[in-house]
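Here is how the chains run, residue by residue.
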Amino acid sequence: MQPKRRTAYIYWVYFALVTVLAVYLRFWFVASIPTEQLYDFNTYQEIAANIFKYHSHSLWGQPVAWQGMGYSTALGIFYILMGNAQVQTAQLFNCLLSTLSLPLMFLVFRKLSSHFGVVLGAYTIAALLPNHIAYNNVVGTEVFITFLFLIILVLQLYEFDNRFRYPLLGIFIGLAALTKPFFLAYPVVLALCHWLHSKDLRRTALMLISTSLLMAAVVSPWTIHNYKNFNSFIPVSYNSGYVLFINNNDQNVNGMWMPLENVPASPQLKKDIKRELNRNQDNVKLAPGLDKVLKPAAKQWIGENPGDFMKLGLLRLKQTFFSGAQDISAWAMNDFQSNPGQKESPRFKRNLNFFYGAADILVYILCSAGILYLLLNLGSIFKSLFSRDLTLSNAILVPSINTAFFLAVYFVFEGQPRYNFPLLFLFAITLGIIMHKTSQGLQRSES
């Protein structure tokens, strides 16, 4: 066998082995590790179960648009196809999407690096990453939005007939926006990457317009649904004002969630909040009118306290990207009550702490690499913005611009460790690129 063919053979055999192991670990984890669905995860489950029962997208008998409807609706349809609405079926749904995400990650990595070692190293980390395995246990958006995000990146990186590619991009961005409403701004991110890569203004404008129109076409039926049910213009969800308010106020000290009743408010604002809650069973998830009440108050506080807002924003980024993998224990493996004896075993505790420690270290390394990669490329990106001739590679633009987009959203609204999930695979390839370039630099300096 010729050396090149032998290398290619080893390359694909290794890819296949890692993929098989990754798929096995996903299904093993959901079958073996117990967890309880809490807070938002329980809400997704209840809404999906109502869809399964043909009670529409509802919560406690009422129409709801508290969160993006994408995941709960897709899960509800899957429940109908499977004939039950059990949590185990949701975990199966996640495992299937996570498995489909593996070749998509590989396709993205191959476009961002031509070096075999970088691609296979990044793929190994991403495929076997504890977060990517553990979150299949959770009835939440993490696996679903990452799957959609990967499809968007594949469509962005692999060029074919734009008459099909641009509409497909618009459709999947629309589905992502129905899951995470901040993706409504993603056509701008896409257009920025395209223009900095090609400097073709006409094609960039065509991409921006066509993807925006198709995205709007996907989102608009839900927007119309919301207008009919809530008599208000709500493109996707009505929790942005609430999130902005509870995360940006005088009493918030860490940039994270706090109870609404603990947020300081004027007598008139308290009266308005109480009025909206009284109209909606005293539950914020069923109170669309709170958005119009809380958003202006949050914006006013930000405008009057720019320094404190900046501090809270940085704290949110710290909580999101530099809290290790504590979210795994909190959400994906929080219930060992079925075997309390095992839970108290020193050996079990030691192994569990080792797993958490290793996951912490890996997440710290990945997030550090991803943000460092953005910082290293900021200068080139700014130069390209103001130069007609300076184009940049997708290897620079796709990880950097997307990282900046997510950072901007979390800086303003809310930070949680689990919010880093959709970026971890991109951070894996940036780590590989940084290590490869560092190695090349050392070799040149030695020679």
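First things first, this report covers the structure right here in the doc. (Residues numbered from 1 in each chain as written. Predicted model: local features only at pLDDT ≥ 70, side-chain atom pairs only at ≥ 80, totals over all residues. Heavy atoms only, no water.)

### Considering helix H12 (residues 267-279)
For step 1, the next point in the chain: Taking 1.5 Å per residue as the helical rise, H12 with its 13 residues ought to reach 18 Å, and the 19 Å between its terminal C-alpha atoms agrees with that figure.
For step 2, the next point in the chain: What H12 keeps buried is the set Leu269, Asp272, Ile273, Glu276 and Leu277. Burial along H12 is one-sided: seen end-on, the buried residues are contained in an arc of 130°. Of the residues in H12, the exposed ones pointing more than 90 degrees away from the buried face are Pro267, Lys270, Lys271, Lys274 and Arg279.
For step 3, the next point in the chain: In this structure, the buried residues of H12 make contact with helix H11 (240-247) and helix H13 (290-304).
For step 4, the next point in the chain: One or two residues past the end of H12 sits glutamine 281, with phi positive at roughly 60°. (Helix = DSSP H or I, 4+ residues; strand = E, 2+ residues; numbered from the N terminus. Expected span 1.5 Å × (residues − 1). Buried < 20%, exposed > 50% of the residue type's maximum accessible area, 1.4 Å probe, protein only. Arc of directions from axis to C-beta. Contact = heavy atoms within 4.5 Å.)

### Points about the packing of aromatic side chains
For step 1, the next point in the chain: Taken as a whole, this structure holds 39 aromatic pairs when the rule is applied.
For step 2, the next point in the chain: Pairing tryptophan 66 with tyrosine 238 gives two aromatic rings, centres 6.4 Å apart and planes at 65°, and the pair type is edge-to-face. Remark: tyrosine 238 occurs in the loop between helix H10 (201-230) and H11 and tryptophan 66 occurs in the loop between strand E2 (62-63) and helix H3 (70-82); sequence separation between them is 172 residues.
For step 3, the next point in the chain: Between lysine 199 and the ring centre of tryptophan 195, over which it is positioned, the NZ or CZ distance is 4.8 Å. (Phe/Tyr/Trp six-rings, centres within 6.5 Å; stacked < 30°, edge-to-face > 60°. Lys NZ or Arg CZ within 6 Å of the ring centre and 35° of its normal.)

### Details of the nonpolar core
For step 1, the next point in the chain: Ranked by internal contacts, the top residues of the largest apolar core, which has 145 residues, are Phe109, Phe183, Tyr186, Phe245, Leu260, Phe321 and Phe425.
For step 2, the next point in the chain: For this core, the element with the most residues is helix H7 (residues 142-157), which contributes 13 residues.
For step 3, the next point in the chain: Once residues within four sequence positions are removed from consideration, tyrosine 186 is found in contact with Phe149, Ile152, Leu153, Gln156, Ile173, Asn402 and Phe405. (Core = buried A, V, L, I, M, F, W, Y, C linked by side-chain atoms within 4.5 Å.)

### Structural notes on the pattern of salt bridges
Where charged atoms from two side chains of opposite charge come close, those side chains can pair.
For step 1, the next point in the chain: Following the criterion strictly, the structure yields 7 salt bridges and no others.
For step 2, the next point in the chain: Residue arginine 418 is joined to aspartate 40 by a salt bridge in which the shortest nitrogen-to-oxygen separation is 3.7 Å. On the criterion of sequence distance, the pair formed by arginine 418 in the loop between helix H18 (394-412) and helix H19 (424-446) and aspartate 40 in helix H2 (residues 40-52) is long-range, its members being 378 residues apart.
For step 3, the next point in the chain: Salt bridges sharing partners connect three or more residues here, namely Asp272, Arg275, Glu276 and Arg279. (Salt bridge = Lys/Arg side-chain N within 4 Å of Asp/Glu carboxyl O.)

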